[in-house]
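# Notes for the structure review
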Amino acid sequence: MMEANFFERVYEIARQIPEGKVTSYGAIAKALGTARSARMVGWAMNACGGRDDVPAHRVVNRVGLLSGKHHFEGTNLMQQLLENEGIEVVNNQIVDFEKHFWQPKIQK
């Protein structure tokens, strides 16, 4: 089943995002060699709800918007988790996005 394997590869990269850093759906897709599959990365992140081993709150859209925030329990959980790591969020957008951006390595 290709999809389950793809999701696990997404989670593998997400687990590498350092605390206090974020990356984008597209950056993960590019690292996997599937640059056009950012939306599938989003589906993978949505599907990992309740998995404590995947820091899904550190994955945002390409401009630093907390586009997946409605998949977290509570109104501002995604924002609170990021702020606990020292990332400032204003109007669902990461302040100084470039400063906090983590570029995943291309997977082989």
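Residues numbered from 1 in each chain as written. Predicted model: local features only at pLDDT ≥ 70, side-chain atom pairs only at ≥ 80, totals over all residues. Heavy atoms only, no water.

Per the secondary structure count, the protein includes 5 helices and 4 strands. Along the protein, helices (α) and strands (β) appear in the sequence α-β-α-α-β-α-β-β-α when read from the amino end. Since a compact globule built from 108 residues should have a radius of gyration of about 13 Å, the 13 Å found for the protein is in line with a globular shape. Overall size of the protein, expressed as C-alpha extent along the three principal axes, is 40 × 25 × 20 Å. When the 108 residues of the protein are sorted by exposure, 44% land in the buried category. Taking contacts inside the protein between residues at least 6 apart in sequence as the whole, the part at least 24 apart equals 67%. A total accessible area of about 6,500 Å² is found for the protein, and carbon and sulfur atoms account for 49% of it. (Helix = DSSP H or I, 4+ residues; strand = E, 2+ residues; numbered from the N terminus. Rg over C-alpha atoms; globule rule 2.2 N^0.38 Å. Buried < 20%, exposed > 50% of the residue type's maximum accessible area, 1.4 Å probe, protein only. Contact = heavy atoms within 4.5 Å. Areas by Shrake-Rupley, 256 points an atom, 1.4 Å probe, with all protein chains shown as cover.)

The subject of this paragraph is the pattern of salt bridges. One pass over the full model with this rule turns up 4 salt bridges. Residues Arg51 and Glu8 are paired through a salt bridge, measuring 3.2 Å at the closest nitrogen-oxygen approach. A residue pair is termed long-range when its members are at least 10 positions apart, and Arg51 in the loop between α3 (38-47) and β2 (59-60) and Glu8 in helix α1 (residues 2-14) qualify at 43 residues. Here Arg51 falls in the partly exposed class, since its relative accessible area comes to 29%. Exposure remark for Glu8: the relative accessible area of 36% places this residue in the partly exposed category. Arg15 is paired through a salt bridge with Asp53; the nearest N and O atoms lie 2.8 Å apart. Taken as a pair, Arg15 in the loop between α1 and β1 (23-24) and Asp53 in the loop between α3 and β2 lie far apart in primary sequence, 38 residues in all. (Salt bridge = Lys/Arg side-chain N within 4 Å of Asp/Glu carboxyl O.)

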